[in-house]
Amino acid sequence: MKTIGLPLVLAMIAVSVGLFPERTSAEAEAGVATENSAESSEADGDLRARRKPGAPLDTLEEEELQPDPNRATELPRTPPLRGWEPLGAGFLPIQDRWRLANSIGKKEGWMDPYNRNLLKADRPVFDDWFFNLSVISDSVGEFRQLPTPVGPQTSRRSGSLDQLGQREQWLFNQNMILGLAFIKGDTVFRPPDYEFRITPVFNFNYTSVEENRVLNIDPVAGNTRKDYHIGMQELFLDVHLRNVSDRYDFDSIRAGIQPFSVDFRGFLFQDNQLGVRLFGTRDNNLWQYNLAWFRRIEKDTNSGLNDLNKTLRDDDIFIANLFRQDFLVRGFTSQLSAVYNRNREGQNGFFFDKNGFLVRPAALGTERARDYDAYYVGYNGDGHFGRFNLTMSGYYAFGSESNGVFTDGRSDINAFFLAAETGFDMDWVRFRFSGLYASGDDDPFDHHSEGFDAIVENPIFAGADTSFWIRQAVPLVGGGGVTLSGRNSILNSLRSSRDQGQSNFTNPGTILAGFGADFDVLPELRVSTNVNHLWFDQTAVLEVARNQGSIRSDIGWDLSVATIYRPFMSQNIVFQLSGAVLIPGDGFAALYGDTTSYSVLGNLVLTY
């Protein structure tokens, strides 16, 4: 054993100091010994065939070394190892790889979206055209108690002279979403050559309240409402213009009704609108850009869906933004945006919604029709710094409007917005911290509009739609249809409607500080909690609008909890049950009284 061990040790030392060439990692993994240089050089000129089991390399017959004319010649070849057949040799190319599974007896089922399915674009309908079908049922039931004004004509309660009436409200909303897409091209590694998409939404909604003239301007209409609407949320053609690199960086153009969000969390503009969008990528997708123009479609009042039966609004949005991945650090994406909102609806006179309420101009202040030119420049970031996730957004708004809300004549817009949410994970728990500041107007009569307002916001922030303040539209009593913040909004913009109203830059502003935590109790069960505190930035606008003094800035505490259950650990069946409470602060109590408001929401989403 000593005789055998000494040469082995000497050989190992020789390899370590480079006296003998060491095998490459690829050769070592394949278990193939490196030949000496003379033998390898001799082998380089030969076409190697598969070695017969047990036959030495030197006994290969001459005919076995000749090229096979039946082999596919279009496949790239690399110099093979001696005695081994090249990968891919002896195979013929497959003309239709999508139907290969069918040829070996693999069954398809149109009801199964997770296996091969013609309706889910797993194989082409003809040539290289694919069809994708999606069906979504979105059902929402909501019970809430919130401040409800008594109508100026009548109350359902005889002898009532209160400014605020009964608070209970019930809502049911059902959307059936049908998505149809025709796609040309192999989209595994590159964008589609053409994509045509159409998404109609069929809506039914029912609302019940305890006061007259809340749901309709006519008190005779009563305190319940049923409504139906079919909205077209997508109807566009996407054309792939060109590839600009071997890694499929591209330029494409999309025209028609399409979804778009200016930033990561929907703070400024997130909607499905009619427009044209040029977009693409550069430098292996590190750079992304959008150039877009949208002309706003009128919305249906009760469903919030697009209403193609109405004339297009005289409201244009021009957008340019640029994304850079891995900036400021790897894993963080930075974005610069420039947005111009040109509104000329002041020339169209008064506009009333489906229920008879005035929405343009808002029934606030002088109620004068107005035009405006609002410019937004902003920076947005999303990603992570190490273990900390971070989303941040900042906008500066400037421009002018033809009339102020409380003044006649030109008013200059000068407002800004900041928001950030950071979080980190600890095993099955994620902690989140949120902060937001939107400037308010400290003097509604100085011809300077300093309250920040978005175009169409839909914030995914600070608890999103489980938050009472974001989810509910709290009416400004005496404002005639004007709300503090709209439904699915976070800004106290005093608009008549997020969907149909105009932006209002004479508002009290918003401040939010929040904390939340998400608990992944089971792979299919998540519990999400949020605690937010809200303030007005300035209260002068509220005091003028309500003809009321000494309104403090404290709105109160917004507490919410949501349970999200996915029984199959997928998005095919999702059930959410949430509850939210608003504990009023001094400012909210001065407007509505010291009464707690709350909401309970159930949401079932079924997806095919």
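Residues numbered from 1 in each chain as written. Predicted model: local features only at pLDDT ≥ 70, side-chain atom pairs only at ≥ 80, totals over all residues. Heavy atoms only, no water.

1. Focus: unusual backbone geometry
Residue Leu328 follows Phe327 across a cis peptide bond; omega there is 25°. Cis geometry marks the peptide bond from Arg360 to Pro361; its omega dihedral reads -5°. Relative to the assigned elements, Pro361 resides in the loop between β11 (358–360) and β12 (372–385). Within the chain, Asn284 stands out as a residue other than glycine whose phi angle is a positive 55°. With respect to the element layout, Asn284 can be found in the loop between β6 (270–282) and β7 (287–295). Here Asn284 falls in the partly exposed class, since its relative accessible area comes to 43%. Although it is not a glycine, Ser550 sits at a positive phi angle of roughly 60°. Mapped onto the secondary structure, Ser550 falls in the loop between α6 (540–546) and β19 (554–565). (Helix = DSSP H or I, 4+ residues; strand = E, 2+ residues; numbered from the N terminus. Buried < 20%, exposed > 50% of the residue type's maximum accessible area, 1.4 Å probe, protein only.)

2. A few points about the packing of aromatic side chains
In the structure shown here, the tally under the stated rule is 30 aromatic pairs. An angle of 25° between the planes, with centres 5.2 Å apart, marks the rings of Phe417 and Phe452 as stacked. One end of the pair, Phe417, is in strand β14 (residues 411–426); the other, Phe452, is in the loop between β16 (448–449) and α5 (468–471), with 35 residues separating them in the sequence. For the pair Phe431 and Phe515, a centre-to-centre distance of 6.3 Å together with 20° between the ring planes defines the contact as stacked. Here the residue Phe431 occupies a position in strand β15 (residues 429–438), and Phe515 occupies one in strand β17 (residues 510–522), the gap between them amounting to 84 residues. Residue Phe431 is classed as partly exposed on the basis of its relative accessible area of 21%. Taken together, the ring pairs in this structure connect Phe267, Tyr376, Tyr395, Phe417, Phe452 and Phe461 into an aromatic cluster. A cation over a ring is seen here: Lys120 above Tyr608, with NZ or CZ 4.9 Å from the ring centre. The ring centre of Phe279 lies 4.0 Å from the NZ or CZ of Arg277, which sits over that ring. (Phe/Tyr/Trp six-rings, centres within 6.5 Å; stacked < 30°, edge-to-face > 60°. Lys NZ or Arg CZ within 6 Å of the ring centre and 35° of its normal.)

3. Some remarks on the pairing of strand β20 (residues 573–584)
Every second residue of β20 is oriented toward a common face, the buried set being Val574, Gln576, Ser578, Ala580, Leu582 and Pro584 and the non-buried set Ile573, Phe575, Leu577, Gly579, Val581 and Ile583. Across ten bridges, β19 lies against β20 in antiparallel orientation. Within the sheet, the bridge partner assigned to Tyr565 lies in β20 and is Phe575. When β20 meets strand β21 (residues 597–607), the two strands line up antiparallel, connected through ten bridges. Residue pairing for β21: Leu582 is matched across the bridge by Ser597. (Pairing = 2+ DSSP bridges.)

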